[in-house]
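Each chain, written out:
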Amino acid sequence: HVLLGSTLLLLVLGIAMVLSASTVESYRVFGSAYTLWSRQVLFAVVGLAAMVVASRLPVVFYRRVAYPALIVALVALVLVLVIGHEVAGQRNWIDVGGPFRFQPSEFAKLALVLWASDLLARKQPLLDQWKHLLVPLMPVSLTIIGLVLLEGDFGTALILVPMVAAMLWVNGAPFRLFFGGAIVMLAGVALL
């Protein structure tokens, strides 16, 4: 109930913030102060329905779709580099018709969590060995993060890194792995 309550509270606050932040722009572009907000409400209602359905599905379903979802996410991330639509300097959208666009990096987040969860659950008895803890999780994660960075979406990449780190932490990765990863990331930032 705590998770559901906090999720719904964040949803309501987010919709209120969209209304507050978008009324002037929505009126200027569409002639109505509520056009952008009503789109967000529509997506919220669809998301709530999807949440109810997703909460009722068995774990076996998620394990079956984990690998296909990862493959679809990788293909979509490559596809966005080829036919992607640029918005505000980021080429991370695919037009699906009308006012709707698909952002593969958002689907990639979900696909990566599903796949990594399934992978780490299957390898649970072997996770005390570095090779089983990091391979193939790190190469696949770095590939997805790299593709997202090629799109120009630094914000999503910054979300993916702690997401992968959290999955490793929950599965008992040693602290020295995070310390080493932080040093590598700082060196990369300094190099940039």
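Quick note: structure is the one above.
Undergrad: I keep staring at the pattern of salt bridges and nothing clicks. Help me out?
TA: Where side chains of opposite charge bring their charged atoms close, a pairing between them can arise. Under the definition given, this model contains five salt bridges. One salt bridge in this structure joins Arg63 and Asp118, with 2.6 Å as the shortest N-O distance. With Arg63 in helix α3 (residues 59-83) and Asp118 in helix α4 (residues 104-122), the pair connects residues that are 55 residues apart, well separated along the chain. The exposure class assigned to Arg63 is partly exposed, which follows from its relative accessible area of 31%. Among the salt bridges present, the one from Arg122 reaches Asp118, with a minimum N-O distance of 2.9 Å. In this pair, Arg122 and Asp118 both sit in helix α4, four residues apart, roughly one turn of the helix.

Undergrad: In this structure, what is going on with the packing of aromatic side chains? I would like to understand it.
TA: Applying the stated criterion across every chain yields a total of four aromatic pairs. Ring geometry for Tyr34 and Trp37: centres 6.3 Å apart, planes at 70°, overall edge-to-face. For Trp37, a relative accessible area of 27% puts it in the partly exposed group.

Undergrad: Looking at this structure, I do not really get the packing of α4 against helix α7 (residues 154-170). What am I missing?
TA: The packing of two helices is summarised by the inter-axis angle and the distance between the axes. Contact geometry for α4 and α7: axes closest at 11 Å, N-to-C directions at 10°. Judged by the inter-axis angle, α4 sits roughly parallel to α7. For the pair α4 and α7, contact is made by Ser105, Glu106, Lys109, Leu112, Val113, Ala116, Ser117 and Leu120 and by Thr156, Ile159, Leu160, Met163, Val164 and Met167, respectively. The class makeup of the residues in the contact of α4 with α7 is nine nonpolar, three polar and two charged.

Basis of the calculations
Residues numbered from 1 in each chain as written. Predicted model: local features only at pLDDT ≥ 70, side-chain atom pairs only at ≥ 80, totals over all residues. Heavy atoms only, no water. Salt bridge = Lys/Arg side-chain N within 4 Å of Asp/Glu carboxyl O. Helix = DSSP H or I, 4+ residues; strand = E, 2+ residues; numbered from the N terminus. Buried < 20%, exposed > 50% of the residue type's maximum accessible area, 1.4 Å probe, protein only. Phe/Tyr/Trp six-rings, centres within 6.5 Å; stacked < 30°, edge-to-face > 60°. Axes fitted to C-alpha atoms, helices over the stretch in contact; angles between N-to-C directions. Parallel < 35°, antiparallel > 145°, perpendicular 65-115°, else oblique. Contact = heavy atoms within 4.5 Å. Nonpolar A, V, L, I, M, F, W, Y, C, P; charged D, E, K, R; others polar.

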